[in-house]
Amino acid sequence: MSMDVRLDVDLGPLRLKNPIVTASGTFGYATEFEDFLDLERLGGVALKGLTLEPRAGNPPPRVAETPAGMLNAIGLENVGCRAFIDQKLPPLRALDTAVIANISGFSVEEYAEMAEMLSAAEGVDAIEINVSCPNIRTGGIAFGSRPEMISEITRAVRAAAPGMPLLVKMSPNVTDIVEMARAAVGGGADALSITNTFLAMAIDAETRRPVLGNLTGGLSGPAIKPLALRMVWQVHRAMPEVPICGMGGIMTGTDAIEFLLAGATAVAVGTASLITPSAAVDVLDGVTDHCRRHGVDNIRTLIGALET
Amino acid sequence: MSMDVRLDVDLGPLRLKNPIVTASGTFGYATEFEDFLDLERLGGVALKGLTLEPRAGNPPPRVAETPAGMLNAIGLENVGCRAFIDQKLPPLRALDTAVIANISGFSVEEYAEMAEMLSAAEGVDAIEINVSCPNIRTGGIAFGSRPEMISEITRAVRAAAPGMPLLVKMSPNVTDIVEMARAAVGGGADALSITNTFLAMAIDAETRRPVLGNLTGGLSGPAIKPLALRMVWQVHRAMPEVPICGMGGIMTGTDAIEFLLAGATAVAVGTASLITPSAAVDVLDGVTDHCRRHGVDNIRTLIGALET
Amino acid sequence: MTPSTRHCTLAPVIANREVAPAIFEMRLRASEIAAAAQPGQFVHLRVKSGLDPLLRRPLSIGAVEGEHICLLFRVIGHGTQLLSRVVPGETLDLLGPLGNPFTLHADRPAVLVAGGMGIADMPLLARRLREAGCPAIHLIFGARTAAELAWTDRVEAEGAQIHTATDDGSAGHHGVCTALLPPLLREIDARPAICACGPEPMFRAILSAVTDPAIPIQLAFEQRMGCGIGACMACAVETSKGYLRACCEGPVLDGALLR
Amino acid sequence: MTPSTRHCTLAPVIANREVAPAIFEMRLRASEIAAAAQPGQFVHLRVKSGLDPLLRRPLSIGAVEGEHICLLFRVIGHGTQLLSRVVPGETLDLLGPLGNPFTLHADRPAVLVAGGMGIADMPLLARRLREAGCPAIHLIFGARTAAELAWTDRVEAEGAQIHTATDDGSAGHHGVCTALLPPLLREIDARPAICACGPEPMFRAILSAVTDPAIPIQLAFEQRMGCGIGACMACAVETSKGYLRACCEGPVLDGALLR
Ligand SMILES: Cc1cc2nc3c(=O)[nH]c(=O)nc-3n(C[C@H](O)[C@H](O)[C@H](O)COP(=O)(O)OP(=O)(O)OC[C@H]3O[C@@H](n4cnc5c(N)ncnc54)[C@H](O)[C@@H]3O)c2cc1C
Ligand SMILES: Cc1cc2nc3c(=O)[nH]c(=O)nc-3n(C[C@H](O)[C@H](O)[C@H](O)COP(=O)(O)OP(=O)(O)OC[C@H]3O[C@@H](n4cnc5c(N)ncnc54)[C@H](O)[C@@H]3O)c2cc1C
Ligand SMILES: Cc1cc2nc3c(=O)[nH]c(=O)nc-3n(C[C@H](O)[C@H](O)[C@H](O)COP(=O)(O)O)c2cc1C
Ligand SMILES: Cc1cc2nc3c(=O)[nH]c(=O)nc-3n(C[C@H](O)[C@H](O)[C@H](O)COP(=O)(O)O)c2cc1C
Ligand code: FES
Ligand code: FES
């Protein structure tokens, strides 16, 4: 009765059965959500950002609520790349969904080393390079704000994991997102994840202190959707051939459609999963409904279909 | 009975009777609001952004609502600098509130010419240089994203209006706000307005079109408050001696206090005035209440008083 | 519009009911606005006191009864959806009356043309025309379907003759309502004054059907708004005089500016 | 915590009333959560369905009565303010029961220590202790003032002996409630088990007052949360084993980890 909609998309070499993935850091190691949704319905799952060594993360409080958004300064608390491969990856291997490992490093060598480990491990379908975590005080500028650093990391990871689909997750805290996107593509990225969180701050007027233990944190959620949409659109217009995984404040199927129209090939659901654990499949259902209502029989026809 | 709170502040050479001003473009030419508030209660009024020639502005729709925010792409519709001086300024002269003229140009010469005209006109208490309007397709990069352009404009305006208090209104669409702030101060700015709107986009999934006639627009309102707070704090930390007029999503007295704590000397109320015409005095009342509740007898003690 | 008549007030909701599918009539107590309201003017209202939605929503002042004003609105998006759930006892923050009203040409027959929710302007307009001694009032009203022909009774109660049209033919003329305009104009002996509110294609149809410059045409525009009080330049309507602001030069504009 | 007992459900509000100044008791029908709830666990609830507030709010499952659960909350900010205005007939989106519950040491006397809203954990805990045959239950309860000693009756109804303290001396001991702990421990003959919920200074006072390692101390922590299900790492509590998540390793943690 209801129309069949073809949903599979190609995020570069990575075929997804549908364009909905989860956003790194908001979906744990995926199994936390098994009670609330069928993981196999998702196009893919991007897992908690990994570092070479396990990390304890930032002092609490680590989250703050802001108008239609939230700040986080988790500080990349994670089990470390080795424990991820040994403990977190095995339960995901049997699942029919793409597993995307998200990596953060404090040197180019660390990125490369993790990429090598992860591509040797069975069950990782793609690597997403996080060049933009603004929460870690590295004593320096974020990698993601310098085009030459972005291409260097991407090249190193490309070389360390030759056959592996490679996404670079862009930092939005830059003057010119297109310049950064070109750097990632120049370094060998197959696709771009746009965008990570925006550096921000919350202050408690009563106590006169920053709300977050880390002072600043990353803004995510609906508040940033118009900013993220603009960035996806700018990059898609400049490089229409480069596949984009769009994200930033996606709560509903309609939000996801907006990102597809702006030029995203796939979309990630982040903060929404913290609020409603089944959010990613709810978004998928919403996308499918939208297609049916509009007689769209292949989701690919929506990608970049914005009429300007 | 209720404690007296000393509210006057110095935005560089510009003494304000209290730290609440209105944000350019959201308060018309001030007289539009006379039915709803007593203009003389305000520290100052920043008026609609001026250009040398009158401008018709962008095709509608010019505004869009987003989660806890709004986009605008007015396109600097204004009467032009000459008509401003002849028609809009006279009714403001008698008022006991600081009049801040906000100027946008398409070349350094235009900025300088307007500055000269405005400083010759009686009744302008300060000039605010808008280097960041992202809505106008100048065929090029926004002035506000290049430090050398920022200092050039500031120097030119400084030279054209020697005795005039000078604010530079920063664009937030940059990698490093501190670098841009330094450029403005280096060029001769007395104070900085932080921040203008964030370049953003809204898409209508039903029609597959951008909501705004101009395609993109500037995001303002509560959604951006955590971003603006972070920028004010960063600049204040780097240059504690430079007075800042903080703005971005201020709706309440508490919001204003947060900006003062982060390092702002004054604050501007923007989008809030579009929602509640009396918003700026409501914010002032909220600030005064906060001071009374916390036994603050001089507002200056709150500036930069964030405990980190 | 006399600025000093504008008020920002908390108005108690007296009633809110669905009078047609997804179309609600809301009655509020707002004595100052009721006293000052002229036909074609609107209130700019906050749907909720929080941040969602953030901006006010403009709605025409449809009718005035003593201290009460009546609004008629269609649920089309997030704000009107929330508005439809408001219950008596709640209060809404209203700003109004705002905007340039219809000029009453009460010495001639009046032809009111309403497309869809454009009907919301008509009860107050018809009442004021009748009170001013207007010799005849005609309402041409087009809607998608018979069930959406809300408030016809309110206009009829002001002594207007009603001419309806529906897209699906379920009532009145089957087709667009502007098709009813030329025959009506031929029927009316004197030169009438036309007041219209509805979608822009309807305005274009009126302008091309009525070319006699001696027939005044007034059109009430809808445009996305910010402030509603002339300060933000959000509500620009393109006219032969350049952009005009729907919130203060409009919503009612002289049709000649749109030719 | 057995994962398969967690539910995401729309629960009708049965009652919501102010039982003490700015402290509300809310009763909801949530049969699956009621059936699975263990003392110390919480529900993570959406105050509204829109974007304001965005995140869920964690509240302890205070009591269970058939299909109903009862929450006790203090209005402290935007979310709890809105929650206080929810009326019967509305439904709330609940996720729960979540978190690591209190372990019942029912073979010993139990000393429950509640500071302020920490009382919210106690009725269900006392009931389960009684059902498990706990020989004696004591509640030490400290609040700012007598009026805020809410829910004492509920705990008393489970057979507990009540020892109160108030900051202003308006009821019970004048001062902090932990001052009541040493004399009570001397009075009790066997080694008791201590279960506490309240602010961190209270926890520190308990840990310094009770140094006997054979007395198990369980502390229920509050921490700002994101997901509530162990995925986002927002709710870190610093312990001697490093950061633990208040939403799944906690909220109830072994006091030994906090020494
Ligand atoms: C002067 C004037 C009088 C009006 N009178 C009426 C009336 O009496 N009855 C009625 O049903 N409608 C009327 N409208 C239209 C009404 O304002 C919109 O339907 C309403 O704002 C939609 O809000 P929403 O949140 O449901 O829609 P959304 O689409 O969610 O709103 C998003 C934004 O777009 C704006 N918007 C969307 N559609 C319109 C529109 N058609 N006109 C102006 N802004 C729009 C909203 O105000 C809001 O800022 C009038 C508009 C104007 C300008
Ligand atoms: C496991 C657990 C159980 C709890 N049980 C109860 C209870 O039974 N009764 C009760 O009154 N309170 C309880 N709290 C505290 C309650 O969650 C907060 O008071 C509430 O979230 C405040 O929300 P708000 O919007 O009113 O405050 P705001 O300050 O506006 O909230 C801003 C943000 O901070 C968070 N936050 C603020 N204070 C706290 C806090 N103390 N703990 C955790 N998050 C906080 C909010 O959840 C929100 O994300 C519990 C907290 C936890 C972690
Ligand atoms: C709590 C939290 C933790 C996050 N951790 C990571 C991370 O480890 N690696 C990463 O690349 N992005 C991380 N992000 C960013 C998200 O993946 C996503 O890019 C961002 O939140 C925007 O999407 P959203 O608005 O849908 O949440 C995190 C976001 C949140 C809210
Ligand atoms: C409708 C509108 C028009 C604006 N026009 C101008 C302008 O002409 N010049 C300028 O410097 N800033 C302009 N701004 C930016 C505001 O002055 C302010 O910097 C920004 O909106 C952030 O503050 P807010 O969140 O309180 O609105 C405009 C903002 C809005 C919403
Ligand atoms: S809505 Fe602001 S000028 Fe018309
Ligand atoms: S709240 Fe997300 S891990 Fe605890």
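Look up: the structure comes first, before these words.
Remember, predicted model here, so these are calculated numbers, not experimental data.

Right, let's talk about the site of ligand 1 for a bit. Residue and element names in this part refer to chain C. Taken together, 20 residues surround ligand 1, and among them Arg-57, Pro-58, Leu-72, Gly-79 and Thr-80 come closest. Contacts to ligand 1 include Ser-60, whose backbone N or O atom sits 3.0 Å from a nitrogen atom. Within the backbone of Gly-77, one N or O atom sits 3.0 Å away from an oxygen atom of ligand 1. About the coverage of ligand 1: the protein hides 86% of its 820 Å² of free accessible area. Elements that contribute at least two residues to the shell around ligand 1 include exactly β4 (57–60), β6 (68–74) and α2 (78–84). Here the shell around ligand 1 takes four residues from β4, the largest share from any one element. A breakdown of the residues in the shell around ligand 1 according to their chemical character gives 10 nonpolar, six polar and four charged.

A separate point is the interface of chain A and chain B. How big an interface is tends to be stated in terms of accessible area lost as the parts join. Each partner contributes to the interface: chain A provides 45 residues, whereas chain B provides 45 residues. Carbon and sulfur atoms supply 66% of the area buried between chain A and chain B, which totals about 3900 Å² over both sides. Looking at the side of chain A facing chain B, the largest losses of area belong to Met201(A), Ile203(A) and Arg208(A), adding up to 19% of the total buried there. Counting the contacts that link chain A with chain B gives four salt bridges. Of the charged contacts, one joins Glu307(A) and Arg209(B) as a salt bridge, the two residues approaching to 3.5 Å between their closest N and O atoms. Applying the counting rule to chain A against chain B returns 13 residue pairs in polar contact (both at pLDDT 80 or more). For the side of chain A that touches chain B, the secondary-structure elements that each account for two or more residues are β11 (198–201), β12 (203–204), β13 (209–210), β14 (216–220), α6 (225–238), α7 (253–262) and α9 (279–293) of chain A. Ranked by residue count, the leading element in the side of chain A that touches chain B is α6(A), at six residues. Residue composition of the side of chain A that touches chain B, by class: 26 nonpolar, 11 polar and eight charged.

Moving on to helix α4 (residues 147–160) of chain A. The first and last C-alpha atoms of α4(A) sit 20 Å apart over 14 residues, in line with the 20 Å expected at 1.5 Å per residue. Close packing links the buried residues of α4(A) with β7 (98–103), α3 (108–120), β8 (126–130), β9 (166–169) and α5 (177–186) of chain A.

Per the counting criterion, the structure on display carries 54 salt bridges over all chains. Here Glu77(A) and Arg62(A) are joined by a salt bridge, their closest N and O atoms 2.5 Å apart. Linking Glu77(A) in the loop between β6 (69–72) and α1 (81–88) with Arg62(A) in the loop between β4 (44–46) and β5 (63–66), this pair joins segments that are 15 residues apart in sequence. Glu77(A) gets classed as buried once you look at its relative accessible area, which sits at 12%. The shortest N-O distance in the salt bridge between Arg144(C) and Glu148(C) comes to 3.1 Å.

What follows deals with the packing of α3(A) against α4(A). Residue and element names in this part refer to chain A. Contact pair α3 / α4: the axes reach a minimum separation of 8 Å and the direction vectors enclose 30°. As the angle between them shows, α3 and α4 are arranged roughly parallel. Every pair of crossing elements has a handedness; the one defined by α3 and α4 is right-handed. For the pair α3 and α4, contact is made by Val-108, Tyr-111, Ala-112, Ala-115, Glu-116 and Ser-119 and by Glu-152, Ile-153, Ala-156, Val-157 and Ala-160, respectively. Taken together, the residues of the contact of α3 with α4 sort by class into eight nonpolar, one polar and two charged.

Residue and element names in this part refer to chain A. Close contacts around ligand 3 come from 23 residues, with Ser-24, Lys-169, Gly-221, Gly-249 and Thr-271 the closest. In this structure, an oxygen atom belonging to ligand 3 sits 2.6 Å away from a side-chain N or O atom of Lys-169. At 2.6 Å from an oxygen atom of ligand 3 is found a main-chain nitrogen or oxygen belonging to Gly-249. Alone, ligand 3 offers 600 Å² of accessible surface; in the complex the protein occludes 97% of this.

A few words on the sheet that holds strand β3 (residues 42–46) of chain C. All names here are of chain C. What the seven strands build is an open sheet, ordered β4-β3-β7-β1-β2-β6-β5; its pairing is antiparallel. Of all strands in the sheet, those with a lone pairing partner are β4 and β5 (63–65), marking the two edges. In this sheet, adjacent strand axes meet at a mean angle of 40° when their direction is disregarded. Pairing analysis gives four bridges linking β3 to β4, with the strands arranged antiparallel. Across the sheet, the residue bridging to Leu-45 is Arg-57, located in β4.

The two copies are related by a screw operation: chain A maps onto chain B through 180° of rotation and 0.0 Å of translation along the axis, at an RMSD of 0.0 Å. Seen this way, the second copy is the image of the first under a two-fold rotation axis.

All names here are of chain A. A two-sided burial pattern is seen for strand β15 (residues 244–247), the buried positions comprising Ile-244 and Gly-246 on one face and Cys-245 and Met-247 on the other. Pairing of strand β10 (residues 191–194) with β15 involves three bridges; the strand directions are parallel. Opposite Ser-193, over in β15, you have Cys-245 as the bridge partner. Bridge analysis of β15 against strand β16 (residues 266–269) gives three bridges, and the strand direction is parallel. The residue of β16 that forms the bridge with Gly-246 is Val-267.

This part takes up the side chain of Gln234(A). Inspection of the secondary structure puts Gln234(A) in helix α6. Assessed through its relative accessible area of 17%, Gln234(A) is described here as buried. Other than its neighbours up to four places away in sequence, Gln234(A) contacts Ile177(A), Val178(A) and Leu199(B).

This next bit is on unusual backbone geometry. The step from Asp52(C) to Pro53(C) runs through a cis peptide bond, and the omega angle for that step is 0°. In this structure, Pro53(C) sits in the loop between β3 and β4. Between Gly250(C) and the following residue, Pro251(C), the backbone shows a cis peptide bond with an omega angle of 5°. Considering the arrangement of structural elements, one finds Pro251(C) in the loop between β15 (242–245) and β16 (252–254). Within the chain, Ala68(A) stands out as a residue other than glycine whose phi angle is a positive 55°. Locating Ala68(A) in the fold gives a position in the loop between β5 and β6. What makes Ala68(A) buried here is its relative accessible area of 7%. Phi angles above zero are rare outside glycine, and Trp151(D) is one such case at about 70°. Along the chain, the position of Trp151(D) falls in the loop between β9 (137–143) and α4 (152–156). When its relative accessible area of 5% is taken as the criterion, Trp151(D) is described as buried.

Now for the environment of Leu14(A). All names here are of chain A. Within the secondary structure layout, Leu-14 lies in strand β2 (residues 14–16). Note on Leu-14: relative accessible area 6%, which makes it buried. For the pair Leu-14 and Val-235, spaced 221 residues apart in sequence, the C-alpha to C-alpha distance is 20 Å. Those residues in contact with Leu-14 that lie beyond four places of it in its chain are Val-9, Ala-98, Ile-100, Asp-125, Ala-126 and Pro-165.

Before going further, it helps to spend a moment on helix α6 (residues 200–209) of chain D. Note on helix geometry: an α-helix contains 3.6 residues per turn, so any two residues three or four positions apart are oriented the same way. Residues and elements named next belong to chain D. Taken as a whole, α6 has its buried residues at Met-202, Phe-203, Ile-206 and Leu-207. Projected down its long axis, α6 shows its buried positions confined to an angular sector of 135°, all on one face. Residues Pro-201, Arg-204 and Ser-208 are exposed on α6 and point more than 90 degrees away from its buried face. Residues of α6 that are buried make contact with β8 (110–115), α5 (181–187), β12 (193–197) and β13 (217–220).

Right, let's get into the environment of Met3(B). Residues and elements named next belong to chain B. Inspection of the secondary structure puts Met-3 in the segment before β1 (9–11). Here Met-3 falls in the partly exposed class, since its relative accessible area comes to 30%. Here the alpha-carbon distance between Met-3 and Val-63, two residues 60 residues apart in the chain, equals 42 Å. Residues contacting Met-3, with those up to four places away along its chain left out, are Cys-291, Arg-292, Gly-295, Val-296 and Asp-297.

Definitions and cut-offs
Residues numbered from 1 in each chain as written. Chains lettered and ligands numbered in written order. Predicted model: local features only at pLDDT ≥ 70, side-chain atom pairs only at ≥ 80, totals over all residues. Heavy atoms only, no water. Near = heavy atom within 4 Å. Polar contact = N/O pair within 3.5 Å; in protein donor to acceptor, adjacent residues only side chain to side chain. Areas by Shrake-Rupley, 256 points an atom, 1.4 Å probe, with all protein chains shown as cover. Helix = DSSP H or I, 4+ residues; strand = E, 2+ residues; numbered from the N terminus. Nonpolar A, V, L, I, M, F, W, Y, C, P; charged D, E, K, R; others polar. Contact = heavy atoms within 4.5 Å. Buried area = accessible area lost by both parts, 1.4 Å probe. Salt bridge = Lys/Arg side-chain N within 4 Å of Asp/Glu carboxyl O. Expected span 1.5 Å × (residues − 1). Buried < 20%, exposed > 50% of the residue type's maximum accessible area, 1.4 Å probe, protein only. Axes fitted to C-alpha atoms, helices over the stretch in contact; angles between N-to-C directions. Parallel < 35°, antiparallel > 145°, perpendicular 65-115°, else oblique. Left-handed = near helix turned anticlockwise from the far one by under 90°. Pairing = 2+ DSSP bridges. Least-squares fit on C-alpha atoms with pLDDT ≥ 70 in both. Arc of directions from axis to C-beta.

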